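# Observations on the three-dimensional arrangement
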Amino acid sequence: MIITQAQLTNYRSYAACALAPCEGVNVLLGDNGQGKTNVLEALYLCCTGRSHRTRQDRELIRWGEDFASVKVESQRRDGSHQVEIILPALGRRKLKIAGQEASKSGELMGHVTGVLFSPEDLRTVKDGPAERRRFVDMALSQIRPAYYYALQRYARALKQRNEVLKAAAAQHALLNTLDSWDEQLAAAGAELMRHRREYIAKLSVQAGETHREISDGREQLEIRYAPSVTLGDDVQSNLDALFAARDNDLRRMTTSVGAHRDDVLLLIGGRDVRAYGSQGQQRTAALAMRLSELDVMRETMGEWPMLMLDDVMSELDPSRRRQLVSHLKGIQTFITCTDPDDLAGAEVGRAWRVSGGELTKA
Ligand SMILES: Nc1ncnc2c1ncn2[C@@H]1O[C@H](COP(=O)(O)OP(=O)(O)O)[C@@H](O)[C@H]1O
Ligand SMILES: [Mg+2]
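The following paragraphs examine the structure supplied in this document. All of these numbers come straight from a predicted model, not from anything done at the bench. (Residues numbered from 1 in each chain as written. Chains lettered and ligands numbered in written order. Predicted model: local features only at pLDDT ≥ 70, side-chain atom pairs only at ≥ 80, totals over all residues. Heavy atoms only, no water.)

This part is about the site of ligand 1. Around ligand 1 sit 15 residues in total, of which G33, K36, T37, N38 and I61 are the nearest. Within the backbone of W63, an N or O atom sits 3.0 Å from a nitrogen atom of ligand 1. For ligand 1, the accessible surface in isolation is 580 Å², of which the surrounding protein chains cover 79%. Looking at the shell around ligand 1 residue by residue, the classes come out as two nonpolar, seven polar and six charged. (Near = heavy atom within 4 Å. Polar contact = N/O pair within 3.5 Å; in protein donor to acceptor, adjacent residues only side chain to side chain. Areas by Shrake-Rupley, 256 points an atom, 1.4 Å probe, with all protein chains shown as cover. Nonpolar A, V, L, I, M, F, W, Y, C, P; charged D, E, K, R; others polar.)

All right, on to unusual backbone geometry then. The phi torsion at A98 lies on the positive side, around 50°, for a residue other than glycine. Within the secondary structure layout, A98 lies in the loop between β6 (94–97) and β7 (100–102). A positive phi angle is found at D216, which is not glycine, with a value near 55°. Mapped onto the secondary structure, D216 falls in the loop between α5 (178–214) and β9 (221–226). Assessed through its relative accessible area of 60%, D216 is described here as exposed. (Helix = DSSP H or I, 4+ residues; strand = E, 2+ residues; numbered from the N terminus. Buried < 20%, exposed > 50% of the residue type's maximum accessible area, 1.4 Å probe, protein only.)

This part covers the sheet that holds strand β1 (residues 2–11). The strand order across the open sheet formed by six strands is β2-β1-β4-β5-β6-β7, and the pairing between neighbours is antiparallel. Each edge of the sheet is formed by a strand with only one pairing partner; in this case those strands are β2 (14–19) and β7. Direction aside, the axes of adjacent strands within the sheet are offset by 20° on average. For β1 and β2, the ladder comprises five bridges, and the chain directions are antiparallel. (Pairing = 2+ DSSP bridges. Axes fitted to C-alpha atoms, helices over the stretch in contact; angles between N-to-C directions.)

Moving on, we get to the environment of A139. As for its position among the elements, A139 is in helix α3 (residues 129–143). By relative accessible area, A139 is classed as buried at 0%. Remark: the alpha-carbon pair of A139 and I85, spanning 54 residues in sequence, is separated by 19 Å. The residues touching A139, leaving out its near neighbours within four places in the chain, are Y199 and E293. (Contact = heavy atoms within 4.5 Å.)

All right, on to the sheet that holds strand β11 (residues 271–272) then. The strand order across the open sheet built from three strands is β9-β10-β11, with neighbouring strands paired in antiparallel fashion. Only two strands of the sheet have a single partner each, and these edge strands are β9 and β11. Across six bridges, β9 lies against strand β10 (residues 263–268) in antiparallel orientation. Looking across to β10, one finds that Y225 is bridged to V264.

The tendency in soluble globular proteins is for nonpolar side chains to be buried as a group. The biggest cluster of nonpolar side chains holds 68 residues, and the ones touching the most others in it are F117, Y199, L309 and L324. No other element matches the 12 residues that α5 contributes to this core. Those residues within four positions of L309 in sequence are excluded, and the remaining contacts are L40, F117, L324, L328, T333, F334, I335 and T336. Grouped together as the second largest cluster of nonpolar side chains are 38 residues, A42, A68, F334 and W352 included. (Core = buried A, V, L, I, M, F, W, Y, C linked by side-chain atoms within 4.5 Å.)

Pasting the structure below:
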């Protein structure tokens, strides 16, 4: 999949900006704070429906304007696609697919697909489970729309169940509704678990190989699914776990088990990288995870997603940088950097200079 056109309107620092990227390496060059990441963020928004920096649509709208929009055209093996996301300052966002208004947010998935590497990736390794769930959710939503819908159903049921848990102390009659929320949560949860287990198993195989290459065969990385429900991936196991936790959940007024508490373990030589890894090992693990995400997406979709490298070159030592550049063949790539020397010999197809919210061809 490649992006052939992108158009930003009132998006962050851009009043209007259009670019026609090449199918190889595209470079955005400029000083800090000039608007490089804003472009990648807009592209990522079209892949996942989310910014990687904020959950507030408001922040994406150029100051003083009453809407923002991003329109992207892509070329896939099955033909050309077009998505447009319109973010009004007031009211709900609008989504257009091939010019037609779409009613469900999940219709966005699969038209534009991409993997983003950013300096914050280290958080996937270092931070708590939420970051790793997000890593898995963002990839799976793009390659499996059913997963995205299951996530939505799960989030809704979870919110309702938690509201009941909070209100039940005062309104005992509400307890009768818990069974039905448990059922919905268990059904969506089981679906999430099955997809996660399959995806993480594939990821682990790829990441193991990639990591061996990057670490010159010295270390073995393993990515392991650590589900919150350990009885099994089926609906009944989820139901049983929710039921077993119910009294405790009522006391604590929150749901303590289920897919929203899943984790993904990263192990080097069997040890948790998060707790025991050196800074270098954590960086390498983060890089291996992203590269494997790329590989698994290709395997699943039958074509490469595009790749975005936000300021990552300068963060890597020369050998990891070379590893990364050697992976770029045949993949449409967007690289941001402040210094062209960071490109480490990558064959640049098109380049832009980014300054004060404007792009000019370099
Ligand atoms: N909603 C917004 N409206 C206008 N400008 C914005 C908005 N959000 C961020 N900016 C501007 O965008 C710039 C940051 O852009 P960014 O893409 O992160 O820069 P970089 O080139 O360092 O990646 C800052 O100058 C900031 O003031
Ligand atoms: Mg930036």
